Amino acid sequence: MNPLPIFKRGFAHGVHPHELTERTVHLPIQRVPFVSHYILPLGQHLGAPARPIVKVNERVQRGQLIAEPGAYISTALHSPVTGWIRGIEAHRYPNGQLQQAIEIEADSYATQRLETKATIDWKNLSIKEFIHHIQQAGIVGMGGAAFPSHAKYDIPAGLTIEHLVINGAECEPYLTNDHRLMLERPATVLMGVELIRQKIGAKQATIGVEANKLDAVKILKRVISQQNLSQIKVVSLQVKYPQGAEKMLIKSLFGIEVPAKQLPRDIGMTVNNVGTVVAIADYFATGMPLIERIVTVAGSGVERPANLIVPIGTPVREVLRFCGGLKDTTCEVIMGGPMMGTPIVSLDVPIVKGSSGLLAFTAKEARRNKEQPCIHCGRCVEACPHFLNPSRLARLAKVRRYNEMGAYYAMDCVECGACTFSCPSNIPIVQLIKIGKTEIRRAKVAI
Ligand code: SF4
Ligand code: SF4
């Protein structure tokens, strides 16, 4: 395959929310201290929940495997601390649903030194062994979707991956954890990119970074030239939401559309987030599985915003306490970004593998204006990066005509929320579409 041309442009449609990163973009990543207990939901990734392999009151070490993948599309779970298993029972997940989880009491006298293996010789692993390692390390997409990463490298017969695409766009307002990662650990980002590129046999890798992070572009380019990594390119992209969505990123970088109902791998590409790439690099360099992640804590409701390394399973309440707590005027806490994240039901829910942000909003920011009738202005259609008709989909969902939504490509909706953001009538379009998609999936399972 010839090298793909690089177009420094964006994609059609999309929206331009305020970036709102000024309170955290300059803040170096810091570690939160260990707390007394941790909640590890078994289904914090897409696919089947993990299967516990520990018993109540058993002693576990930091980094120890505590649950095995429950199926192929599933991944492992490890203890974020040295301590004792205190329960395996239903706990509230950030989205409000009850889910089986492993509860761990930390040993406050333990050093919390990581019990890991030495560096893993990835160069001599077969692709099958590489995939197995990624699954056993519990690594998922760190951009928020938490799709088990190993499945992206398992390419069906007849397909080849020519191009590795790295998502450094971080297009959601408020979030700055990927930006800080690229600034503070560029060599690790590039080590991860090169490692994955070589293992999957891609000829080239391209890192797409929004043009509001030119300091990250500069530093990545400098390390690429110092290390002579000629197969890796860094490209600055138009600042636009949802630039970080897989298909938008590919369109922006190469001018190529991934057809509806197809995946990037069908056109010879695979897309990874920079956080995922660093998790993979760290695992092969130190043997550390995915037991912590970087979380941006921001919003006007939080006293001291921060970019934090947080052990998976830490209760949200503890993370916010480290940040000085919530202001009295706070009325909503969102996990993730403001466009795709979800309000949490309790401060006792844990940080999970997909938690990229914790945003605390005061009444002014969280206010939702009263919903008005659709005025057929077409702004949602103009906003939709997938060229759907969000207004029609929302109307069908509202009257529960879910079976008709399929004909309007409801399942191609990536739930980016650009339609809701653009609607002058305050119609909760993406929320209605999500309900419709859930019902369509449920009906399929019932058949
Ligand atoms: S319909 Fe879906 S893909 Fe289109 S803008 Fe709305 S949420 Fe995004
Ligand atoms: S943006 Fe809102 S008001 Fe305008 S067409 Fe879409 S749903 Fe209707």
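Model, not experiment: these values are computed from the prediction. (Residues numbered from 1 in each chain as written. Chains lettered and ligands numbered in written order. Predicted model: local features only at pLDDT ≥ 70, side-chain atom pairs only at ≥ 80, totals over all residues. Heavy atoms only, no water.)

**A look at the site of ligand 1**
Line of reasoning, step 1. Around ligand 1, the surrounding shell consists of Cys-384, Pro-385, Pro-390, Cys-413, Val-414, Glu-415, Cys-416, Gly-417, Ala-418, Cys-419, Val-430 and Ile-433.
Line of reasoning, step 2. Those elements giving two or more residues to the shell around ligand 1 turn out to be helix H13 (418-422) and helix H14 (429-446). (Near = heavy atom within 4 Å. Helix = DSSP H or I, 4+ residues; strand = E, 2+ residues; numbered from the N terminus.)

**Digging into the state of the cysteines**
Should the sulfur atoms of two cysteines be covalently bonded, the bond is a disulfide.
Line of reasoning, step 1. Evaluation of the coordinates by the stated rule reveals 0 disulfides.
Line of reasoning, step 2. As a non-bridged cysteine, Cys-323 has Cys-331 as the owner of its nearest cysteine sulfur, 18 Å distant.
Line of reasoning, step 3. Judged by relative accessible area, Cys-323 falls into the buried class, the value being 1%. (Disulfide = S-S within 2.5 Å. Buried < 20%, exposed > 50% of the residue type's maximum accessible area, 1.4 Å probe, protein only.)

**Looking at helix H7 (residues 274-286)**
Line of reasoning, step 1. If you check H7, its first and last C-alpha atoms are 18 Å apart, about what 13 residues at 1.5 Å a residue would give, namely 18 Å.
Line of reasoning, step 2. The element H7 is extensively covered by neighbouring structure, given that 11 of its 13 residues are classed as buried.
Line of reasoning, step 3. When we look at burial in H7, the residues that qualify are Val-274, Gly-275, Thr-276, Val-277, Val-278, Ala-279, Ile-280, Ala-281, Asp-282, Tyr-283 and Phe-284.
Line of reasoning, step 4. Each element contacted by the buried residues of H7 is listed here: helix H1 (127-136), helix H2 (150-153), strand E9 (163-168), helix H3 (177-184), helix H4 (186-200) and strand E12 (269-273).
Line of reasoning, step 5. At the N-terminal end of H7, a side-chain oxygen is found 2.7 Å from the backbone nitrogen of Gly-275, two or three residues along, and the residue is Asn-273.
Line of reasoning, step 6. A positive backbone phi angle near 85° is found at Gly-287, which sits one or two residues after H7. (Expected span 1.5 Å × (residues − 1). Contact = heavy atoms within 4.5 Å. Polar contact = N/O pair within 3.5 Å; in protein donor to acceptor, adjacent residues only side chain to side chain.)

**Let's talk about the nonpolar core**
One recurring pattern in soluble globular proteins is that nonpolar side chains are buried together.
Line of reasoning, step 1. Core analysis: the largest hydrophobic core is formed by 48 residues, its most contacted members being Val-193, Ile-207 and Phe-284.
Line of reasoning, step 2. Looking at this core, the elements with two or more residues in it are H1, E9, H3, H4, strand E10 (204-210), helix H5 (214-227), strand E11 (232-237) and H7.
Line of reasoning, step 3. No other element matches the 7 residues that H7 contributes to this core.
Line of reasoning, step 4. Formed by 20 residues, the second largest nonpolar core is a distinct cluster that contains Tyr-93, Val-302, Val-316 and Val-333. (Core = buried A, V, L, I, M, F, W, Y, C linked by side-chain atoms within 4.5 Å.)

**Regarding the sheet that holds E10**
Line of reasoning, step 1. Spatially, the 4 strands line up as an open sheet ordered E11-E10-E9-E12, and their pairing is parallel. Looking at the sheet topology across the chains shown, the edges are occupied by E11 and E12. Put simply, the sheet's adjacent strands are angled 25° from each other on average, direction ignored.
Line of reasoning, step 2. By the bridge criterion, 6 bridges tie E9 to E10 in an arrangement that is parallel. If you follow Leu-164 over to E10, its bridge partner there is Ala-205.
Line of reasoning, step 3. Each of E10 and E11 is contacted by H5, which is oriented at about 165° to E11, the strand it contacts most. (Pairing = 2+ DSSP bridges. Axes fitted to C-alpha atoms, helices over the stretch in contact; angles between N-to-C directions.)

**With respect to the domain arrangement of the protein**
Line of reasoning, step 1. One can read the domain layout of the protein as domain 1 (143-286) and domain 2 (379-446).
Line of reasoning, step 2. Relative to domain 2, the C-alpha centre of domain 1 lies at a distance of 28 Å.
Line of reasoning, step 3. Taken together, the 6 residues of domain 1 in the interface contact 6 residues of domain 2.
Line of reasoning, step 4. In this assembly, domain 1 packs against domain 2 so that about 540 Å² is buried in total across both faces, 67% of it on carbon and sulfur atoms.
Line of reasoning, step 5. Counting the contacts that link domain 1 with domain 2 gives 0 salt bridges.
Line of reasoning, step 6. Run the count over domain 1 and domain 2 and you get 1 residue pair in polar contact (both at pLDDT 80 or more).
Line of reasoning, step 7. Looking at the side of domain 1 that touches domain 2 residue by residue, the class counts come to 4 nonpolar, no polar and 2 charged. (Domains from an automatic or database assignment. Buried area = accessible area lost by both parts, 1.4 Å probe. Salt bridge = Lys/Arg side-chain N within 4 Å of Asp/Glu carboxyl O. Nonpolar A, V, L, I, M, F, W, Y, C, P; charged D, E, K, R; others polar.)

**Comments concerning the site of ligand 2**
Line of reasoning, step 1. Around ligand 2 lies a shell of 13 residues, among which Cys-374, Cys-377, Gly-378, Cys-380 and Cys-423 are the nearest.
Line of reasoning, step 2. Broken down by class, the residue content of the shell around ligand 2 amounts to 8 nonpolar, 4 polar and 1 charged.

**Here we look at the pattern of salt bridges**
Line of reasoning, step 1. Here the structure, examined in full by the defined rule, presents 18 salt bridges.
Line of reasoning, step 2. As a salt-bridge pair, Asp-107 and Arg-59 come within 2.9 Å of each other at their nearest N and O atoms. On the criterion of sequence distance, the pair formed by Asp-107 in the loop between strand E8 (98-106) and H1 and Arg-59 in strand E4 (residues 59-60) is long-range, its members being 48 residues apart.
Line of reasoning, step 3. Using a relative accessible area of 35% as the deciding quantity, one classes Arg-59 as partly exposed.

**Some details on the packing of H4 against H7**
Line of reasoning, step 1. For the pair H4 and H7, the least separation of the axes is 8 Å and the interaxial angle reads 85°. The orientation of H4 relative to H7 falls into the category roughly perpendicular. Side by side, H4 and H7 meet where Thr-188, Val-189, Met-191, Gly-192, Val-193, Leu-195 and Ile-196 of the first sit next to Val-274, Val-277, Val-278, Ile-280, Ala-281, Asp-282, Phe-284 and Ala-285 of the second.
Line of reasoning, step 2. Per-class residue counts for the contact of H4 with H7 are 12 nonpolar, 2 polar and 1 charged. (Parallel < 35°, antiparallel > 145°, perpendicular 65-115°, else oblique.)

**Regarding the pairing of strand E14 (residues 306-311)**
Line of reasoning, step 1. A large share of E14 lies buried, amounting to 6 of its 6 residues.
Line of reasoning, step 2. Side-chain alternation along E14 places Ala-306, Leu-308 and Val-310 on one buried face and Asn-307, Ile-309 and Pro-311 on a second face that is also buried.
Line of reasoning, step 3. The sheet contact formed by strand E1 (residues 29-31) and E14 spans 3 bridges and is parallel. The partner of Gln-30 across the bridge, within E14, is Leu-308.
Line of reasoning, step 4. As paired elements, strand E13 (residues 292-298) and E14 share 6 bridges and run antiparallel to each other. From the neighbouring strand, Glu-292 faces E14, where its bridge partner is Pro-311.

**Notes on the packing of aromatic side chains**
Line of reasoning, step 1. Tallied over the entire structure, the rule returns 4 aromatic pairs.
Line of reasoning, step 2. Plain terms: the ring middles of Phe-130 and Phe-284 are 5.5 Å apart, the flat faces sit at 15° to each other, and that makes the pair stacked. Taken together, the positions of Phe-130 in helix H1 and Phe-284 in helix H7 put the pair 154 residues apart, joining distant regions of the chain.
Line of reasoning, step 3. Accessibility expressed as a relative area gives 0% for Phe-130, which makes it buried.
Line of reasoning, step 4. Plain terms: the ring middles of Tyr-174 and Phe-361 are 5.4 Å apart, the flat faces sit at 55° to each other, and that makes the pair tilted. Highlighted residues: Tyr-174 in the loop between E9 and H3 and Phe-361 in strand E17 (residues 357-362), separated in sequence by 187 residues.
Line of reasoning, step 5. On the accessibility criterion, Tyr-174 (10% relative accessible area) is buried.
Line of reasoning, step 6. An aromatic cluster is present here, built from Phe-130, Tyr-153, Tyr-283 and Phe-284 joined pairwise through their rings.
Line of reasoning, step 7. A cation over an aromatic ring shows up here: Arg-59 above the ring of Trp-84, its NZ or CZ 4.8 Å from the ring centre. (Phe/Tyr/Trp six-rings, centres within 6.5 Å; stacked < 30°, edge-to-face > 60°. Lys NZ or Arg CZ within 6 Å of the ring centre and 35° of its normal.)

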